[in-house]
Amino acid sequence: CGVTVGEIKKNYIQPHHQLFSALGHLFKRKINFTPTDPLLLKYLKGEEIPVSCENGWAVITVDGFALGGVKVVNGVAKNHYPKGLRLS
């Protein structure tokens, strides 16, 4: 029961999708999309997306509701949406 926080890697914790979904509203870095935004479709397909956000973990929201997470590196959001949920 509860929310999976993440997985311990070599020197850090990689956040789990459940953390983004359940507690995304608490994240400092949020990237908000509207339901019709073409970048949202790219995210749901598992692609990287250009963003204007500082480096680090961020939550993707749709009209303010948490959807999943990304890791932002130099203006590019590296997708961490689970492969089993991605659109084809």
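Read on for an overview of the structure. The structure presented is a predicted model; accordingly, all values stated were derived computationally and were not measured. (Residues numbered from 1 in each chain as written. Predicted model: local features only at pLDDT ≥ 70, side-chain atom pairs only at ≥ 80, totals over all residues. Heavy atoms only, no water.)

### Observations concerning the pairing of strand β5 (residues 56-62)
For a regular strand, side chains alternate in direction, first toward one face of the sheet and then toward the other. Across the seven residues that make up β5, a large majority, seven, are buried. Where strand β3 (residues 30-33) meets β5, four bridges bridge the pair, whose relative direction is parallel. Within β5, the position partnered with phenylalanine 33 by the bridge is valine 62. Pairing between β5 and strand β6 (residues 65-73): seven bridges, direction antiparallel. In the strand pairing of β6, glycine 56 is matched with valine 72. (Buried < 20%, exposed > 50% of the residue type's maximum accessible area, 1.4 Å probe, protein only. Helix = DSSP H or I, 4+ residues; strand = E, 2+ residues; numbered from the N terminus. Pairing = 2+ DSSP bridges.)

### Re the environment of glycine 64
Within the secondary structure, glycine 64 sits in the loop between β5 and β6. Exposure remark for glycine 64: the relative accessible area of 52% places this residue in the exposed category. Taking C-alpha positions, glycine 64 is 8.1 Å from phenylalanine 33, a pair spaced 31 residues apart along the chain.

None of this, on its own, says anything about what the molecule does.
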